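Secondary and tertiary structure notes
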Amino acid sequence: AGGPVGSGRQWFPWIHIEDEARAILWLVEHGMSGPYNVTAPQLVRNAEFSRVLGQTMRRPSAVPVPALALKALFGEMSVVLLEGQRAVPWRLLAEGFKFRYPRVEAALHNLMRSGGERPLAHKRDGLLVPRPVEVGQAVATEKRDGHSG
């Protein structure tokens, strides 16, 4: 799974792909405009995300990716990875959007679950590979089951 990036102390915005698709649809359906942080409400640092990802994938996650290596590979763009951003979806929450996966543990577990529904991601050569999300089908299911946004 890999380890934390650099020090691992930087904030690491994340979101489950299903919540991202649902949030975008919700914004469109409710006629919202302007900037929105489409991130999960749980704030985590990169080291915590790496730890949970490693546990979920049953892979080691203790060895950090050195900052120097990232700077060599990405140059100035490495700042995005090494400094992070403390993004919180305040507007989404205030306007009533409900996340299905607000906690990183539940989100990663859902992506990697086995059995039942088809998982939204799978491991290939030790990497997490996402599967396409059927957004229209998810929205139709929500409306049929009486759940909303």
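Structural data are supplied above this passage.
For the chain, the count of helices and strands is seven helices and two strands. Its helices and strands taken in sequence order, the chain reads α-α-α-α-α-α-β-β-α from the N to the C terminus. For the chain, with 149 residues in total, the buried portion stands at 35%. Taking all contacts inside the chain whose residues are at least 6 apart in sequence as the whole, residues at least 24 apart take part in 78%. In the form shown here, the chain has an accessible surface area of approximately 9,400 Å², with 58% of it arising from carbon and sulfur atoms.

Moving on, we come to the packing of aromatic side chains. Using the criterion set out here, one finds three aromatic pairs in the structure. Aromatic pair Trp 26 and Phe 97: ring centres 5.7 Å apart, planes at 65°, arrangement edge-to-face. Note that Trp 26 is positioned in helix α1 (residues 17-29) and Phe 97 in the loop between α5 (90-94) and α6 (104-112), a separation of 71 residues in sequence. Relative accessible area serves as the criterion here: at 2%, Phe 97 is assigned to the buried category.

Let's shift gears to the nonpolar core. Counting residues in each nonpolar core, the largest one holds 13 residues, and the members touching the most others are Trp 14, Val 44, Phe 49, Leu 53, Val 104 and Leu 108. Those elements giving two or more residues to this core turn out to be α2 (46-57) and α6. It is α6 that provides the largest number of residues to this core, a total of five residues. Discounting residues that sit within four places of it in the chain, Phe 49 has contacts with Phe 12, Trp 14, Val 44, Val 104 and Leu 108. Listed in part, the seven residues of the second largest apolar core include Trp 26, Leu 27, Tyr 36 and Phe 97.

Here we take up a nonpolar patch on the surface. A cluster of nonpolar side chains, namely Leu 73, Phe 74, Met 77 and Leu 81, defines an oily patch on the protein surface of about 440 Å² accessible area. Along the chain, the position of Met 77 falls in the loop between α3 (67-74) and α4 (78-83). For Met 77, a relative accessible area of 58% gives the class exposed.

What follows concerns empty space enclosed by the protein. In this structure the tally under the stated criterion is one cavity of 30 Å³ or more. Every residue lining the largest cavity is listed: Trp 11, Phe 12, Pro 13, Trp 14, Thr 39, Ala 40, Gln 42, Leu 43, Val 44, Gln 85 and Ala 87.

This part is about the packing of α2 against α6. For the pair α2 and α6, the least separation of the axes is 10 Å and the interaxial angle reads 35°. Both α2 and α6 take part in a crossing whose hand is right-handed. Of the residues in α6, those in contact with Glu 48, Phe 49, Val 52, Leu 53, Thr 56 and Met 57 of α2 are Val 104, Glu 105, Leu 108, His 109 and Met 112.

A few words on α1. Along its 13 residues, α1 runs 18 Å from first to last C-alpha, staying within 8% of the 18 Å computed at 1.5 Å per residue. Taken residue by residue, α1 has Glu 18, Asp 19, Ala 21, Arg 22, Ala 23, Trp 26 and Leu 27 as its buried positions. Gly 31 sits one or two residues past α1 and shows a positive phi near 65°.

On to the environment of Ala 21. Residue position: Ala 21 is located in helix α1. Taking the relative accessible area as the measure of exposure, Ala 21 reaches 17% and is therefore buried. When the C-alpha atoms of Ala 21 and Val 38 are compared, they prove to be 9.5 Å apart, with 17 residues separating the residues in sequence.

Analysis parameters
- Residues numbered from 1 in each chain as written.
- Predicted model: local features only at pLDDT ≥ 70, side-chain atom pairs only at ≥ 80, totals over all residues.
- Heavy atoms only, no water.
- Helix = DSSP H or I, 4+ residues; strand = E, 2+ residues; numbered from the N terminus.
- Buried < 20%, exposed > 50% of the residue type's maximum accessible area, 1.4 Å probe, protein only.
- Contact = heavy atoms within 4.5 Å.
- Areas by Shrake-Rupley, 256 points an atom, 1.4 Å probe, with all protein chains shown as cover.
- Phe/Tyr/Trp six-rings, centres within 6.5 Å; stacked < 30°, edge-to-face > 60°.
- Core = buried A, V, L, I, M, F, W, Y, C linked by side-chain atoms within 4.5 Å.
- Patch = residues over 30% accessible without salt bridge, like charges linked within 9 Å, V, L, I, M, F, W, Y side chains within 5 Å.
- Salt bridge = Lys/Arg side-chain N within 4 Å of Asp/Glu carboxyl O.
- 1 Å grid on protein atoms, 1.4 Å probe; cavity = no way out; pocket = protein on both sides within 12 Å on 5 of 7 lines; lining within 4 Å.
- Points joined across faces, edges and corners; volume = space filled by probe spheres on them.
- Axes fitted to C-alpha atoms, helices over the stretch in contact; angles between N-to-C directions.
- Left-handed = near helix turned anticlockwise from the far one by under 90°.
- Expected span 1.5 Å × (residues − 1).

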